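Here's the letter readout for the chains.
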Amino acid sequence: MDSVKTYSLPSLPYDYNALEPIISTEIMTLHHSKHHATYVKNLNAALAKLFGQIASSSALVDHTALLQVVKFNAGGHINHSLFWQNLAPPNTAATDARATAPELVNALAGRYKSLEGFRQAFQASMLSLQGSGWCWLVSDAADANHLDIIQTRDQDPVPIHYKPLLGIDMWEHAYYLQYRNNKADYAARIWEVVNWEVVESRYKVGLKEVYTEELWGLSRDGPHM
Ligand code: MN3
């Protein structure tokens, strides 16, 4: 039997305390080393099991059940991998939208009247999300100039006909230890740690250049488990 590729937890591009005081060290540590790590572990286990099961059984109901597990954990891995790259320490060059992301800011002004208009629309979407999920600035995968704000439920990834530019985790584990029930405060302050350099670079490149193997921490040597 051929091998199943295994995914690994990507390193953060900054330290766990680097997003203070906007996102606490405790949240960042748990979120990355526990939550994200668990999605990766469960993804690898589900993929290995599915691979073996498909080769040895025709139990379609079992395959379908396992595919749901793959989808949830793969989505968790995809979304968090994108999310970490979307953040940067506050008061750094990367968090200055106008200086760092001139082309995108111009496009956002065309779509939402101004950068501030976009922020308000995005915040409204963050706060209207029910249950656990994600809020995204996306472009049409085939047309970078068609910008939109969408939500995905649970760990559903962005649909493939969209390109994710900016994704914000709206699960309670992303803010509750620090902001408690004050989701509006989290939604307002997250802008201080948005990495506009990355958002602008995703705006300019194709879908394949956003979803790179490096982003997934895809190991080269293959089979485990
Ligand atoms: Mn999360």
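Because the structure is a prediction, the values reported are computed rather than measured. (Residues numbered from 1 in each chain as written. Predicted model: local features only at pLDDT ≥ 70, side-chain atom pairs only at ≥ 80, totals over all residues. Heavy atoms only, no water.)

Engineer: Looking at this structure, I do not really get the overall build of the protein. What am I missing?
Structural biologist: Summing up its helical and strand segments, the protein has 10 helices and 3 strands in all. When the helices and strands of the protein are placed in sequence order, the string is α-α-α-α-α-β-β-β-α-α-α-α-α. Expressed as lengths along the three principal axes of its C-alpha atoms, the size of the protein is roughly 55 × 40 × 35 Å. Burial statistics for the protein: of 225 residues in total, 47% are counted as buried. Considering only residue pairs separated by 6 or more positions, the protein has 71% of its internal contacts joining residues 24 or more positions apart. As displayed, the protein offers around 11,200 Å² of accessible surface, 52% of which is attributable to carbon and sulfur atoms. The positive charge centre, built from 18 side chains, and the negative charge centre, built from 23, are 3 Å apart in the protein. (Helix = DSSP H or I, 4+ residues; strand = E, 2+ residues; numbered from the N terminus. Buried < 20%, exposed > 50% of the residue type's maximum accessible area, 1.4 Å probe, protein only. Contact = heavy atoms within 4.5 Å. Areas by Shrake-Rupley, 256 points an atom, 1.4 Å probe, with all protein chains shown as cover. Lys, Arg positive; Asp, Glu negative; His and termini not counted. Charge placed at Lys NZ, Arg CZ, Asp CG, Glu CD.)

Engineer: In this structure, what is going on with the side chain of His32? I would like to understand it.
Structural biologist: Tracing the backbone through its elements, the reader meets His32 in helix 1 (residues 25–56). Among the polar contacts listed, one links the side chain of His32 to the side chain of Tyr16, at a separation of 2.8 Å. Setting aside residues no more than four positions away along its own chain, His32 makes contact with Leu9, Pro10, Ser11, Leu12, Tyr16, Ala37 and Trp84. (Polar contact = N/O pair within 3.5 Å; in protein donor to acceptor, adjacent residues only side chain to side chain.)

Engineer: Could you clarify how one ought to interpret the side chain of Ser125 in this entry?
Structural biologist: Its place among the elements puts Ser125 in helix 5 (residues 115–128). When residues no more than four places from it in sequence are discounted, the contact partners of Ser125 are Cys135, Ile149 and Gln151.

Engineer: Would you explain the pairing of strand 2 (residues 143–153) in this entry?
Structural biologist: Within a regular strand, the side chains alternate between the two sheet faces. The pairing of strand 1 (residues 133–140) with strand 2 spans 8 bridges and is classified as antiparallel. Across the sheet, Leu137 pairs through a bridge with Ile149, a residue of strand 2. Linkage of strand 1 to strand 2, two consecutive antiparallel strands, is achieved through a turn of 2 residues. (Pairing = 2+ DSSP bridges.)

Engineer: Any chance you could explain the sheet that holds strand 3 (residues 162–169) here in plain terms?
Structural biologist: Adjacent strands of a sheet form backbone hydrogen bonds with each other and so pair up, either parallel or antiparallel. Taken in spatial order, the 3 strands make up an open sheet running 2-1-3, and their pairing is antiparallel. The sheet terminates laterally at strand 2 and strand 3, the two strands that pair on one side only. The average undirected angle you get between the axes of adjacent strands in this sheet is 20°. Here strand 1 pairs with strand 3 via 7 bridges, running antiparallel. (Axes fitted to C-alpha atoms, helices over the stretch in contact; angles between N-to-C directions.)

Engineer: Help me understand helix 8 (residues 196–204) in this model?
Structural biologist: Since one α-helical turn is 3.6 residues long, residues separated by three or four positions face the same way. Those residues of helix 8 that fall on the buried side of the exposure criterion are Trp196, Val198, Val199, Glu200, Arg202 and Tyr203. At the N-terminal boundary of helix 8, the capping side chain belongs to Asn195, with an oxygen 3.1 Å from the backbone nitrogen of Glu197.

Engineer: Please explain the layout of surface pockets as it appears in this structure.
Structural biologist: If a probe the size of a water molecule is rolled over the atoms, the empty space left behind becomes visible. Estimated volume of the largest pocket: approximately 320 Å³. The wall of the largest pocket is formed by 15 residues, among which Gln85, Val210, Thr212, Glu214 and Leu215 lie closest to the centre. Mapped by element, the contributors of at least two residues to the lining of the largest pocket are helix 2 (60–85), helix 8, helix 9 (207–210) and helix 10 (213–216). Of the residues belonging to the lining of the largest pocket, the class tally is 6 nonpolar, 6 polar and 3 charged. (1 Å grid on protein atoms, 1.4 Å probe; cavity = no way out; pocket = protein on both sides within 12 Å on 5 of 7 lines; lining within 4 Å. Points joined across faces, edges and corners; volume = space filled by probe spheres on them. Nonpolar A, V, L, I, M, F, W, Y, C, P; charged D, E, K, R; others polar.)

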